Amino acid sequence: MKRNKYLKVIIPLALIVICVYWYYSSIVISGTSENGMWKVTYSKNTDPSEPTGWEGRLKQRNDDNVMVKAIVVKKNDKILYSIDSFVEGRAEDGEITVLHPFSKVFYLGHKPSKGTTVSVVWEHNDEPDKTYTHIVQIR
(Lines give C-alpha, C1' and ligand atoms only; values in the text may rest on other atoms or scores of the structure.)
Protein backbone atom coordinates (compact mmCIF):
# COMPACT_ATOMS: atom_id res chain seq x y z
CA MET A 1 0.00 0.00 0.00
CA LYS A 2 2.71 2.48 0.99
CA ARG A 3 4.61 1.66 -2.18
CA ASN A 4 1.61 2.62 -4.33
CA LYS A 5 1.31 5.93 -2.48
CA TYR A 6 4.98 6.70 -3.08
CA LEU A 7 4.68 5.82 -6.77
CA LYS A 8 1.67 8.13 -7.12
CA VAL A 9 3.81 10.99 -5.85
CA ILE A 10 7.17 10.10 -7.42
CA ILE A 11 5.96 9.46 -10.99
CA PRO A 12 4.17 12.82 -11.45
CA LEU A 13 7.08 14.61 -9.80
CA ALA A 14 9.55 12.90 -12.15
CA LEU A 15 7.40 13.87 -15.16
CA ILE A 16 7.36 17.50 -14.03
CA VAL A 17 11.15 17.52 -13.65
CA ILE A 18 11.59 15.98 -17.11
CA CYS A 19 9.23 18.54 -18.69
CA VAL A 20 11.01 21.47 -17.03
CA TYR A 21 14.40 20.12 -18.17
CA TRP A 22 13.13 19.61 -21.74
CA TYR A 23 11.65 23.13 -21.88
CA TYR A 24 14.79 24.75 -20.48
CA SER A 25 17.11 22.83 -22.80
CA SER A 26 15.04 23.88 -25.81
CA ILE A 27 15.48 27.61 -25.07
CA VAL A 28 19.20 27.62 -24.11
CA ILE A 29 22.18 26.87 -26.37
CA SER A 30 25.75 27.23 -25.17
CA GLY A 31 29.39 26.58 -25.88
CA THR A 32 32.74 26.94 -24.10
CA SER A 33 36.18 27.80 -25.46
CA GLU A 34 38.71 24.96 -25.59
CA ASN A 35 40.63 26.27 -22.58
CA GLY A 36 37.42 26.92 -20.62
CA MET A 37 38.09 30.64 -20.21
CA TRP A 38 35.01 31.83 -22.15
CA LYS A 39 31.41 30.64 -22.16
CA VAL A 40 28.75 31.77 -24.61
CA THR A 41 25.09 31.17 -23.81
CA TYR A 42 22.20 31.96 -26.13
CA SER A 43 18.76 32.02 -24.59
CA LYS A 44 15.39 32.67 -26.11
CA ASN A 45 13.89 35.93 -24.92
CA THR A 46 10.57 34.96 -23.32
CA ASP A 47 9.69 38.39 -21.90
CA PRO A 48 6.60 39.58 -23.83
CA SER A 49 7.43 43.24 -23.12
CA GLU A 50 10.72 43.00 -25.06
CA PRO A 51 11.49 42.23 -28.71
CA THR A 52 11.45 38.56 -29.62
CA GLY A 53 14.62 36.73 -30.52
CA TRP A 54 17.66 35.07 -29.03
CA GLU A 55 19.98 36.87 -26.65
CA GLY A 56 23.67 35.97 -26.42
CA ARG A 57 25.85 36.39 -23.37
CA LEU A 58 29.63 36.07 -23.25
CA LYS A 59 31.09 35.39 -19.83
CA GLN A 60 34.68 35.09 -18.65
CA ARG A 61 35.00 32.02 -16.44
CA ASN A 62 38.20 32.96 -14.62
CA ASP A 63 39.55 36.03 -12.83
CA ASP A 64 42.42 36.88 -15.19
CA ASN A 65 42.86 40.61 -15.72
CA VAL A 66 42.01 40.91 -19.44
CA MET A 67 40.66 43.51 -21.84
CA VAL A 68 38.26 42.28 -24.51
CA LYS A 69 38.88 43.99 -27.85
CA ALA A 70 36.10 42.44 -29.95
CA ILE A 71 33.33 39.86 -30.12
CA VAL A 72 32.65 38.45 -33.59
CA VAL A 73 29.78 36.06 -34.37
CA LYS A 74 30.22 34.07 -37.60
CA LYS A 75 28.36 31.42 -39.52
CA ASN A 76 30.19 29.68 -42.37
CA ASP A 77 32.91 32.36 -42.24
CA LYS A 78 30.31 35.11 -42.78
CA ILE A 79 30.21 37.77 -40.05
CA LEU A 80 26.71 38.02 -38.58
CA TYR A 81 27.50 40.39 -35.74
CA SER A 82 30.54 42.23 -34.44
CA ILE A 83 31.17 44.60 -31.55
CA ASP A 84 34.45 46.21 -30.55
CA SER A 85 33.52 48.86 -27.99
CA PHE A 86 32.67 48.03 -24.39
CA VAL A 87 31.62 50.38 -21.61
CA GLU A 88 30.92 49.05 -18.15
CA GLY A 89 27.38 49.56 -16.86
CA ARG A 90 23.79 49.38 -18.07
CA ALA A 91 22.97 50.62 -21.58
CA GLU A 92 19.75 52.40 -22.53
CA ASP A 93 18.31 49.14 -23.86
CA GLY A 94 18.97 47.42 -20.52
CA GLU A 95 22.03 45.42 -21.57
CA ILE A 96 24.61 45.10 -18.81
CA THR A 97 28.36 44.98 -19.40
CA VAL A 98 30.89 44.03 -16.71
CA LEU A 99 34.55 44.48 -17.60
CA HIS A 100 36.15 42.31 -14.89
CA PRO A 101 35.53 39.44 -15.01
CA PHE A 102 34.10 40.18 -18.42
CA SER A 103 30.39 39.65 -19.05
CA LYS A 104 28.40 41.08 -21.97
CA VAL A 105 24.99 40.61 -23.53
CA PHE A 106 25.75 40.97 -27.22
CA TYR A 107 23.10 39.68 -29.59
CA LEU A 108 19.38 39.73 -30.16
CA GLY A 109 18.20 38.02 -33.29
CA HIS A 110 17.51 34.65 -34.87
CA LYS A 111 18.25 31.36 -33.17
CA PRO A 112 21.91 30.45 -33.70
CA SER A 113 22.45 27.17 -35.48
CA LYS A 114 25.18 24.57 -35.36
CA GLY A 115 28.25 25.90 -37.07
CA THR A 116 27.91 29.33 -35.49
CA THR A 117 31.13 30.48 -33.85
CA VAL A 118 31.85 33.32 -31.48
CA SER A 119 35.39 34.69 -31.56
CA VAL A 120 36.67 36.59 -28.55
CA VAL A 121 39.64 38.85 -29.26
CA TRP A 122 41.36 39.92 -26.04
CA GLU A 123 44.63 40.92 -24.50
CA HIS A 124 46.06 40.36 -21.05
CA ASN A 125 46.49 43.67 -19.21
CA ASP A 126 50.02 42.59 -18.20
CA GLU A 127 50.93 42.09 -21.91
CA PRO A 128 49.17 44.93 -23.78
CA ASP A 129 50.99 44.27 -27.06
CA LYS A 130 49.94 40.63 -27.38
CA THR A 131 46.45 39.82 -28.67
CA TYR A 132 44.71 36.44 -28.29
CA THR A 133 41.70 35.02 -30.09
CA HIS A 134 39.58 32.23 -28.62
CA ILE A 135 36.79 30.61 -30.58
CA VAL A 136 33.63 29.24 -29.01
CA GLN A 137 31.70 26.72 -31.11
CA ILE A 138 27.94 26.72 -30.50
CA ARG A 139 26.64 23.19 -29.97
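Owing to the predicted nature of the structure, the values given are computational and were not obtained by experimental measurement.

This brings us to the overall build of the chain. Looking only at helices and strands, one finds one helix and ten strands in the chain. In sequence order, the chain lays out its α and β elements as α-β-β-β-β-β-β-β-β-β-β. Computed over its C-alpha atoms, the radius of gyration of the chain comes to 19 Å, more than 25% above the 14 Å expected for a compact globule of 139 residues. Dimensions along the principal axes, computed over C-alpha positions, put the chain at roughly 75 × 30 × 30 Å. When burial is assessed residue by residue, the chain has 30% of its 139 residues classed as buried. A separation threshold of at least 6 residues defines the contact pool for the chain, and within that pool the share at least 24 residues apart is 52%. For the chain, the separation between the mean place of its 19 positive charges and that of its 16 negative charges on side chains is 18 Å.

So, on to the sheet that holds strand β4 (residues 66-75). Sheets are built from strands paired through backbone hydrogen bonds, the pairs being either parallel or antiparallel. Taken together, four strands build an open sheet; the order of strands is β5-β4-β9-β10 and the sheet is antiparallel. Each of the sheet's edge strands pairs with one partner strand only, and the pair in question is β5 (78-83) and β10 (131-137). Strand-to-strand twist in this sheet, taken as the mean axis angle between neighbours without regard to direction, amounts to 25 degrees. Here β4 pairs with strand β9 (residues 116-124) via nine bridges, running antiparallel. Looking at β9, one finds that Lys75 is bridged to Thr116.

In this sheet, β5 lies alongside β4 in antiparallel orientation, the contact comprising five bridges. Its bridge partner being in β5, Ile71 is matched across the sheet by Ile83.

Let us now look at the packing of aromatic side chains. Going through the model one piece at a time under the given rule, you end up with four aromatic pairs. Taking 4.7 Å as the distance between ring centres and 25 degrees as the angle between the ring planes, the aromatic pair formed by Trp122 and Tyr132 counts as stacked. Within this pair, whereas Trp122 is found in strand β9, its partner Tyr132 is found in strand β10, the two being separated by ten residues in sequence. Looking at Trp122, the relative accessible area reads 5%, which means it is buried. Taking relative accessible area as the criterion, Tyr132 reaches 23% and is therefore assigned partly exposed. Ring pairs connect the aromatic residues Trp38, Phe86, Phe102, Trp122 and Tyr132, which therefore count as one cluster.

This part takes up unusual backbone geometry. With an omega dihedral of -20 degrees, the bond running from His100 to Pro101 counts as a cis peptide bond. For Pro101, the location among the structural elements is in the loop between β7 (96-99) and β8 (102-109). The residue Asn76 is not glycine, and still its phi comes out positive at about 55 degrees. Mapping Asn76 onto the fold places it in the loop between β4 and β5.

What counts as what
- Residues numbered from 1 in each chain as written.
- Predicted model: local features only at pLDDT ≥ 70, side-chain atom pairs only at ≥ 80, totals over all residues.
- Heavy atoms only, no water.
- Helix = DSSP H or I, 4+ residues; strand = E, 2+ residues; numbered from the N terminus.
- Rg over C-alpha atoms; globule rule 2.2 N^0.38 Å.
- Buried < 20%, exposed > 50% of the residue type's maximum accessible area, 1.4 Å probe, protein only.
- Contact = heavy atoms within 4.5 Å.
- Lys, Arg positive; Asp, Glu negative; His and termini not counted.
- Charge placed at Lys NZ, Arg CZ, Asp CG, Glu CD.
- Pairing = 2+ DSSP bridges.
- Axes fitted to C-alpha atoms, helices over the stretch in contact; angles between N-to-C directions.
- Phe/Tyr/Trp six-rings, centres within 6.5 Å; stacked < 30°, edge-to-face > 60°.

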